[in-house]
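# Observations on the model geometry
Below are the chains, spelled out letter by letter.
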Amino acid sequence: MKKVYFTSGTCCQAFEIETEDGVVKEVRFHGGCNGNLQGICSLIRGMKVEDVVERLKGIRCGAKPTSCPDQLATALMEMKEQ
């Protein structure tokens, strides 16, 4: 399953997610902190969606109520519900 997710409240404007059989295959961020986001993508590739959500949900960026990882967790939860 593939999804383009448009973020809210983060430096990243959007990202593309691909999952297969409940596992993250690929994530590509558009905007944001390039090095950090590439690292996150590399670390979660091959992980179960549930494990990624558990680890990333609720992470904040400074005083912001959300972050790129938190937005990724939200998008993955939406994909899982579909």
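Refer to the structure presented above.
Predicted, not measured: the structure shown is a model, and the values here were computed from it. (Residues numbered from 1 in each chain as written. Predicted model: local features only at pLDDT ≥ 70, side-chain atom pairs only at ≥ 80, totals over all residues. Heavy atoms only, no water.)

A word on the overall build of the protein chain. A tally of regular secondary structure across the protein chain gives 3 helices and 3 strands. Along the protein chain, from the amino end to the carboxyl end, the secondary structure elements read β-β-β-α-α-α. A compact globule built from 82 residues would reach a C-alpha radius of gyration of about 12 Å, and the protein chain, at 11 Å, matches this within 12%. Counting the 82 residues in the protein chain, one finds 41% classified as buried. (Helix = DSSP H or I, 4+ residues; strand = E, 2+ residues; numbered from the N terminus. Rg over C-alpha atoms; globule rule 2.2 N^0.38 Å. Buried < 20%, exposed > 50% of the residue type's maximum accessible area, 1.4 Å probe, protein only.)

The next point concerns the sheet that holds strand E3 (residues 23-31). The 3 strands are arranged E1-E2-E3 in an open sheet whose pairing can be described as antiparallel. Looking at which strands have only one partner, the edges of the open sheet turn out to be strand E1 (2-6) and E3. Across the sheet, the mean angle from the axis of one strand to that of its neighbour is 15 degrees, orientation sign disregarded. In this sheet, strand E2 (residues 12-20) lies alongside E1 in antiparallel orientation, the contact comprising 5 bridges. Counted as the bridge partner of Lys3 is Ile17 from E2. Contacts between helix H3 (residues 68-81) and the sheet are confined to E1, E2 and E3, with E2 contributing the most and set at about 45 degrees to the helix. (Pairing = 2+ DSSP bridges. Axes fitted to C-alpha atoms, helices over the stretch in contact; angles between N-to-C directions. Contact = heavy atoms within 4.5 Å.)

It is generally the case that most residues other than glycine have a negative phi and that most peptide bonds are trans. Here Asp21, not a glycine, exhibits a phi torsion of approximately 55 degrees, which is positive. Relative to the helices and strands, Asp21 is located in the loop between E2 and E3. The class for Asp21 is exposed, based on a relative accessible area of 76%.

Looking now at helix H1 (residues 34-44). Along H1, the residues that are buried comprise Leu37, Ile40, Cys41 and Ile44. The arc that holds the buried residues of H1, viewed along the axis, is 100 degrees, so those residues lie on one side. Opposite the buried face of H1, at more than 90 degrees from it, the exposed residues are Gly35 and Leu43. At the C-terminal side of H1, Gly46 shows a positive phi close to 90 degrees. (Arc of directions from axis to C-beta.)

Now for the side chain of Thr66. Tracing the sequence through the fold places Thr66 in the loop between helix H2 (49-56) and H3. Assessed through its relative accessible area of 7%, Thr66 is described here as buried. Side chain to side chain, Thr66 and Asp70 meet in a polar contact 2.7 Å long. Sequence-distant contacts of Thr66, defined by excluding residues within four places in its chain, comprise Ser8, Gly9, Thr10, Ile59, Arg60, Cys61 and Gln71. (Polar contact = N/O pair within 3.5 Å; in protein donor to acceptor, adjacent residues only side chain to side chain.)

Limitation: the analysis is restricted to geometry and does not speak to function.
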